[in-house]
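Structural description and commentary
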Amino acid sequence: MDKAEIHHYKAYGLNIESALPCPELAPSRGVPDVRVRYGAVPDSLADATVKGWYYQARGNRLLLIIEDVARYLVSDGREIIIERAPGSRDNDVRLYLLGSAFGGLLHQRGVLPLHGSAIEVNGGAVVFLGPSGLGKSALAGAFYKRGYRVMTDDVCVLSISEEGILVVLPGYPQLKLWAEVARSLGENSLELGQVDPLVEKHGLPLRKGFCETPLPLRRLYVLTTAETQKFELAPLKGMEKLTALLNNTYRFCFLDGQGGKVLNFKQCATLAQHAAVSRVIRPGAPLLLDELADLLERDLAL
Amino acid sequence: MSNQNAIDLNSVVVQGEGLVSCDLEGDTALMSVESGKYYGLDPIGSRIWGLIEKPRAVADMCEILQEEFEVERERCEHDVLALLNELAEENLVKVVDDSAA
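All values derive from a computational prediction rather than experimental measurement.

Our next topic: the sheet that holds strand β15 (residues 174–178) of chain A. In sheet architecture, strand pairing relies on hydrogen bonds along the backbone and comes in two forms, parallel and antiparallel. All names here are of chain A. Read across the open sheet, the three strands follow the order β15-β17-β16; overall the sheet is antiparallel. On the outer flanks of this sheet lie β15 and β16 (193–194), each paired with one strand and no other. The strands that helix α2 (residues 136–145) touches are β15 and β17 (201–205); relative to β15, the one it contacts most, it runs at about 115°.

Opposite the 17 residues of chain B that make contact, chain A presents 16 residues. Roughly 1,300 Å² of surface becomes buried between chain B and chain A when both sides are summed, with 71% attributable to carbon and sulfur atoms. On inspection of chain B and its partner chain A, the count reaches one salt bridge. Put simply, E25 of chain B and K241 of chain A hold a salt bridge, and the shortest N to O gap is 4.0 Å. Inspection of the region where chain B meets chain A yields three residue pairs in polar contact (both at pLDDT 80 or more). When contributions to the side of chain B that touches chain A are tallied by element, the ones reaching two or more residues are β2 (19–24), β3 (27–32) and β4 (38–41) of chain B. Counted by class, the side of chain B that touches chain A contains nine nonpolar, four polar and four charged residues.

The next thing to look at is the pairing of strand β7 (residues 61–66) of chain A. Residue and element names in this part refer to chain A. When strand β6 (residues 55–58) meets β7, the two strands line up antiparallel, connected through four bridges. The residue of β7 that forms the bridge with Q56 is L63. Pairing of β7 with strand β8 (residues 70–75), which is carried by six bridges, proceeds in the antiparallel orientation. Its bridge partner lying in β8, L64 is registered against Y72. With antiparallel pairing between neighbouring strands as the criterion, β7 and β8 make up a hairpin whose turn holds three residues, including D68 at a positive phi of roughly 65°.

Conventions used here
Residues numbered from 1 in each chain as written. Chains lettered and ligands numbered in written order. Predicted model: local features only at pLDDT ≥ 70, side-chain atom pairs only at ≥ 80, totals over all residues. Heavy atoms only, no water. Pairing = 2+ DSSP bridges. Helix = DSSP H or I, 4+ residues; strand = E, 2+ residues; numbered from the N terminus. Contact = heavy atoms within 4.5 Å. Axes fitted to C-alpha atoms, helices over the stretch in contact; angles between N-to-C directions. Buried area = accessible area lost by both parts, 1.4 Å probe. Salt bridge = Lys/Arg side-chain N within 4 Å of Asp/Glu carboxyl O. Polar contact = N/O pair within 3.5 Å; in protein donor to acceptor, adjacent residues only side chain to side chain. Nonpolar A, V, L, I, M, F, W, Y, C, P; charged D, E, K, R; others polar.

Have a look at this one:
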């Protein structure tokens, strides 16, 4: 490992300078907004106001402790310091960097990261929200196969102005798919790298199928599942809308009551006031991807 | 919960402090900065909430609402007091001294 080598990427609407190579990110020549470097990271934060089993936060500082992988210190929306555990693999260190660490950093920067994937439809962004396992990535994959460009997978960043101008920022050109889903989309999962050691998800590089420009938000779909035989689709209103957005805020657990949760509430409220949000209830297994994609294509054509 | 400070028709009440609120198509969403808890008010609750932006006597409020919602006096007073006491338990409204109103 060449210690002096520094890499330049863009992701989540940010230019990133990184000591850790992240081949899944697109290269960038822009002035860095964020610096990722190696250094010493403490094993606790003094006076943390938020504490969970793998995180501690106070104000604009977030500490992540991932056993056997690394500790990450995320500060002021501008810096991530990584202290790797002995024998850790680059893959694992990247997984938590691009997920939780950047999730915390995005909150610190005052943009809204939602738990969702997004695609481009006629120059606007269509976002699929929902907790892990509900098929957000698979659905984005199904649209990708239909020729739509993907904007982001799993973490969807929204920039929200007070006047209610809503813009979705591109993530990075990769879809994380279950092996079975990748196969159903005609991809050979063995050729794709496994991105998460805990679950059998594979990284599908997007290349041309990636939209790297920010786009105005067009529609949000909240994916849910129920004991039902067929898909149900209904627009959300008022409090329901706000609740769905609060519930799908990425790494909501990192936020404290004083600063983070107040900002998050205001952002979700502005989003609820200005965006169209629909709920999709889908039957449990099997994941009828094509039928769901058909349904949403029809809904968007209205 | 102590009933000592229960709100009645003679009470003067006002919105609690440390709350962030937003209007959502007639509903009102509230967040308590201190507890981080969220609350929702329906359109009628939202109207009541709007009426106590500044301190107001409950009886006065009921008169306004009776007219606006064409509801009987007794029913109106009952519902308003029930809501206000519920909100007070969560520190979303507070009773102010008559003399300060």
